[in-house]
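Structural features, examined
The residues making up each chain are set out below.
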Amino acid sequence: MDAGFIETMKQQLMDQKQVILGSLAAQSEDYKKIVESGESGDEIDVASDVVDGQLLESLGSQDANRLQLINNALDRIKQGTYGYCLKCKQEIPTERLEAIPYAFMCISCQSAAERLNR
């Protein structure tokens, strides 16, 4: 795998990581405001606050999962295994890595894994 390409992907991963960390921090502040506001107001306001809190929590877990994938990809860059499928050990096409920089399996292995998880 080309060193220049890997460096480009590393920068993209670092940029995505910063965006997610910023988003998680903002969501945490928003969630904190919802909780601190208490259960004042009518029932519709209370229900709305609960839904907002659940939405923020859901978005946070998705971002947290993506952050873990990004950290794993950065570790693979350090180890020199970035760009190779963890299952079949074949090189992951650059087009796939450009679309999903934290991809850890080739399309074939990823598809097979998704079929098993259905």
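A brief structural summary.

1. Overview of the nonpolar core
By size, the foremost hydrophobic cluster in this structure holds 20 residues, and its most contacted members are Leu13, Ile70, Ile77, Tyr82, Cys85 and Leu97. Going through the elements one at a time, helix 1 (3–36), helix 2 (43–79) and helix 4 (107–116) are the ones with two or more residues in this core. Residues within four places of Ile77 in sequence aside, it is in contact with Ile6, Lys10, Leu13 and Tyr82.

2. Some remarks on the state of the cysteines
Inspection of every chain in the model, using the stated rule, returns 0 disulfides. Cys88 provides the cysteine sulfur closest to Cys85, a residue in no disulfide bond, and the two sulfurs are 3.7 Å apart. Of the residues examined, Cys85 reaches a relative accessible area of 1% and is grouped as buried. Considering cysteine sulfurs only, Cys106 is the nearest to Cys109, which forms no disulfide, with 3.6 Å between them.

3. Observations concerning unusual backbone geometry
Even without glycine at this site, Lys89 takes up a positive phi of about 70°. Checked against the element boundaries, Lys89 lands in the loop between helix 2 and helix 3 (94–99). Judged by its relative accessible area of 56%, Lys89 falls in the exposed class.

4. Brief notes about the pattern of salt bridges
Going through the model one piece at a time under the given rule, you end up with 1 salt bridge. Note that Asp63 is salt-bridged to Arg66, the shortest N-O span being 3.0 Å. Highlighted residues: Asp63 and Arg66, both in helix 2, separated by 3 residues, approximately one helical turn. Asp63 gets classed as buried once you look at its relative accessible area, which sits at 9%. Given a relative accessible area of 31%, Arg66 falls into the partly exposed group.

Thresholds applied
Residues numbered from 1 in each chain as written. Predicted model: local features only at pLDDT ≥ 70, side-chain atom pairs only at ≥ 80, totals over all residues. Heavy atoms only, no water. Core = buried A, V, L, I, M, F, W, Y, C linked by side-chain atoms within 4.5 Å. Buried < 20%, exposed > 50% of the residue type's maximum accessible area, 1.4 Å probe, protein only. Helix = DSSP H or I, 4+ residues; strand = E, 2+ residues; numbered from the N terminus. Contact = heavy atoms within 4.5 Å. Disulfide = S-S within 2.5 Å. Salt bridge = Lys/Arg side-chain N within 4 Å of Asp/Glu carboxyl O.

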